[in-house]
Amino acid sequence: MLNSIVGYKVNLARFGGGLVVACCIPLVACGSIAEKTNGLSDERILSEAGGTLGIAPSDLTMESRRVEGVNTYVTLKGKDGKTYACTINGGNLFSFGMTNPPVCNAR
């Protein structure tokens, strides 16, 4: 009886290791899918970041934009010459297009 219990644990450990690998593969792909399904337009980014900064979207211009995983990183410049770095989380298939409020800092 003890051998069957020990044997079961060994088999479970082997199965568990394979399960961990099988579960990690989809997680690696999630970042790639999130990047490819990012639906944030430039206008929406300017609108959301402008709301956070208290600046009209028409007074902002986008200098750069990059998407990494579920985050969109943008550099914005105001008409007053100030530059802001903003991070917007969401806006992709996994968040159903919804975003968290942007986090913006003056540079």
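The structure we're discussing is the one just above.
Residues numbered from 1 in each chain as written. Predicted model: local features only at pLDDT ≥ 70, side-chain atom pairs only at ≥ 80, totals over all residues. Heavy atoms only, no water.

## So, the sheet that holds strand 1 (residues 60-68)
Ordered by their spatial adjacency, four strands build an open sheet running 1-2-3-4, and the pairing between neighbours is antiparallel. Unpaired on one side and paired on the other, strand 1 and strand 4 (103-106) mark the two borders of the sheet. Along the sheet, successive strands turn relative to each other by an average axial angle of 20°, direction set aside. By the bridge criterion, seven bridges tie strand 2 (residues 71-78) to strand 3 (residues 83-89) in an arrangement that is antiparallel. Along strand 3, the bridge assignment pairs Thr75 with Ala85. Of the strands in this sheet, strand 1, strand 2, strand 3 and strand 4 touch helix 2 (residues 42-53), which is tilted by about 110° from strand 1. (Pairing = 2+ DSSP bridges. Helix = DSSP H or I, 4+ residues; strand = E, 2+ residues; numbered from the N terminus. Axes fitted to C-alpha atoms, helices over the stretch in contact; angles between N-to-C directions. Contact = heavy atoms within 4.5 Å.)

## Focus on the environment of Ala49
Here Ala49 shows up in helix 2. Judged by its relative accessible area of 0%, Ala49 falls in the buried class. In this structure, the C-alpha to C-alpha distance between Ala49 and Cys104, residues 55 residues apart in sequence, is 7.2 Å. Residues in contact with Ala49, not counting those within four places in the same chain, are Leu76, Cys86, Pro102 and Cys104. (Buried < 20%, exposed > 50% of the residue type's maximum accessible area, 1.4 Å probe, protein only.)

## With respect to the pairing of strand 1
Note: strand 1 against strand 2, eight bridges, orientation antiparallel. Bridging across to strand 2, Arg65 finds its partner in Val74.

## Some words on the state of the cysteines
What is meant by a disulfide is a covalent connection between two cysteines, made through their sulfur atoms. With the rule as written, the count across this model stands at one disulfide. Between the sulfur atoms of Cys86 and its disulfide partner Cys104 the distance amounts to 2.1 Å. Handedness here is read from the sign of the S-S torsion; for Cys86 and Cys104, about 115°, the answer is right-handed. Placement of the pair is Cys86 in strand 3 and Cys104 in strand 4, with a sequence separation of 18 residues. The residues Cys86 and Cys104 share a single accessibility class, namely buried. (Disulfide = S-S within 2.5 Å.)

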